[in-house]
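Listed below, chain by chain, are the residues.
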Amino acid sequence: MKSRKPLVAGNWKMNGDIVTNEHLFTALRSALERASISQVDVVICPPFPYLGQAGAWLGDTGIAWGAQNVAAAANGALTGEVSVSMLADLGCGWAIVGHSERRTLLGETDEVVARKASMCVAGGLGVIACVGETLDEREADATEAVLARQVEALVPALQGADPARAVVAYEPVWAIGTGRTASPEMAQQAHAFIRARMAHAGVAGADAIRIVYGGSVKAANAMSLFSMPDVDGGLIGGASLVADEFLNICRAAAVA
Ligand code: 13P
């Protein structure tokens, strides 16, 4: 049994509509209540417009809900952005920052991601900060250098964080949505490296901060990934939109 409580987060990305979400919320609610998976922290991250719906469906369950992004500034003239305080006001518990889709497609830098993570920590929002190398970087043997750079940028945010409310997600970009999962050994190696970097940089909670894996996690491969000593759960994309798949991933985290 690991000392860190596993966390499984569903990143719905830009998917869903009111009716489809309602089916998914209903299925998750009843199944997770029946299974009483209290040994796993479960977080559901729908798109912004459906956060209120998530709150209405999940607010009275043990299932937490979160945003997929947050502004890097507190408030003011920033059209289209959503702040930490607005999310907290809504009762939202978590935010994902630095997802590779935002880093690559929307140009978010390490510095911006770090600022977002710090805003979450300062505003009392749990943060899931994503890191991970591209295929080119892995093939050029640059995985550790990339992870070191990305983790280093997050250190000031992580230093001030409650370890129970700060999560690092290792998501190798080449494994996202491709069906090509990192092997459990590859994931473990990256997770151990990230933990060591945090400790080396003086993050007091380095041992307690959960490092979750993301990238083509399915019910079929969840158990082997989550059994690795430094893999503390998962950040799930496609499979989080399928109730049974996601529930079985949560069950795997509970027993891994
Ligand atoms: P997939 O599980 O669809 O590969 O996506 C992973 C991811 O990007 C979660 O944030």
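See the structure shown above.
Procedures and definitions
Residues numbered from 1 in each chain as written. Predicted model: local features only at pLDDT ≥ 70, side-chain atom pairs only at ≥ 80, totals over all residues. Heavy atoms only, no water. Near = heavy atom within 4 Å. Polar contact = N/O pair within 3.5 Å; in protein donor to acceptor, adjacent residues only side chain to side chain. Helix = DSSP H or I, 4+ residues; strand = E, 2+ residues; numbered from the N terminus. Contact = heavy atoms within 4.5 Å. Salt bridge = Lys/Arg side-chain N within 4 Å of Asp/Glu carboxyl O. Buried < 20%, exposed > 50% of the residue type's maximum accessible area, 1.4 Å probe, protein only. Phe/Tyr/Trp six-rings, centres within 6.5 Å; stacked < 30°, edge-to-face > 60°. Lys NZ or Arg CZ within 6 Å of the ring centre and 35° of its normal. Pairing = 2+ DSSP bridges. Right-handed = clockwise from strand over helix to strand, strands pointing away.

> Tell me about the site of the ligand, and please be specific about residues and values.
Near the ligand, the surroundings consist of Asn11, Lys13, His99, Glu171, Ala175, Ile176, Gly177, Gly215, Ser216, Leu235, Gly237 and Gly238. Interatomic distance of 3.0 Å between a side-chain N/O atom of asparagine 11 and an oxygen atom of the ligand. Within the backbone of serine 216, an N or O atom sits 2.7 Å from an oxygen atom of the ligand.

> I'd like a rundown of the side chain of threonine 143, residues and numbers included.
By the element assignment, threonine 143 lies in helix H7 (residues 143–159). Sequence-distant contacts of threonine 143, that is, excluding residues within four places in its chain, are made with Glu133, Glu137, Arg138 and Tyr170.

> Residues and numbers for the pattern of salt bridges, please.
Applying the stated rule across the entire model yields 15 salt bridges. A salt bridge links aspartate 41 to lysine 5; the nearest nitrogen and oxygen atoms lie 3.0 Å apart. Within this pair, whereas aspartate 41 is found in strand E2 (residues 41–45), its partner lysine 5 is found in the segment before strand E1 (7–11), the two being separated by 36 residues in sequence. Across the pair arginine 210 and aspartate 41 runs a salt bridge, and its minimum N-O distance is 2.7 Å. Taken together, the residues span a long stretch of sequence, with arginine 210 in strand E7 (residues 210–214) and aspartate 41 in strand E2 at a distance of 169 residues. For arginine 210, a relative accessible area of 4% puts it in the buried group.

> I'd like a description of the side chain of histidine 191, backed by residues and values.
When you line up the elements, histidine 191 lands in helix H8 (residues 184–200). In this structure the side chain of histidine 191 is engaged in a polar contact, spanning 2.9 Å, whose partner is the backbone oxygen of aspartate 230.

> Break down the packing of aromatic side chains for me, citing the residues and quoting the values.
Under the definition given, this model contains 2 aromatic pairs. When the centroid spacing of 5.2 Å and the interplanar angle of 35 degrees are considered together, the rings of tryptophan 12 and phenylalanine 25 count as tilted. Separated by 13 residues along the polypeptide, tryptophan 12 in the loop between E1 and helix H1 (18–35) and phenylalanine 25 in helix H1 bring together distant segments of the chain. The pair tryptophan 12 / phenylalanine 25 is uniform in exposure class, with both members buried. A ring pair is formed by tyrosine 170 and tyrosine 213, whose centres lie 6.2 Å apart and whose planes are at 55 degrees; its orientation type is tilted. Of this pair, tyrosine 170 sits in strand E6 (residues 166–170) while tyrosine 213 sits in strand E7, and the two are 43 residues apart along the sequence. Against the face of tryptophan 94 rests arginine 165, its NZ or CZ located 5.3 Å from the ring centre.

> Talk me through the pairing of strand E8 (residues 233–236); I want residue IDs and the actual numbers.
For a regular strand, the rule is simple: side chains alternate between the two faces of the sheet. Where burial is concerned, the two faces of E8 agree: the one with Gly233 and Leu235 and the one with Gly234 and Ile236 are both buried. Of the pairings in the sheet, the one linking E1 to E8 comprises 4 bridges and is parallel in character. Bridge pairing in E8 places valine 8 opposite glycine 234. Remark: the E7/helix H9 (residues 219–226)/E8 crossover connection has right-handed handedness.

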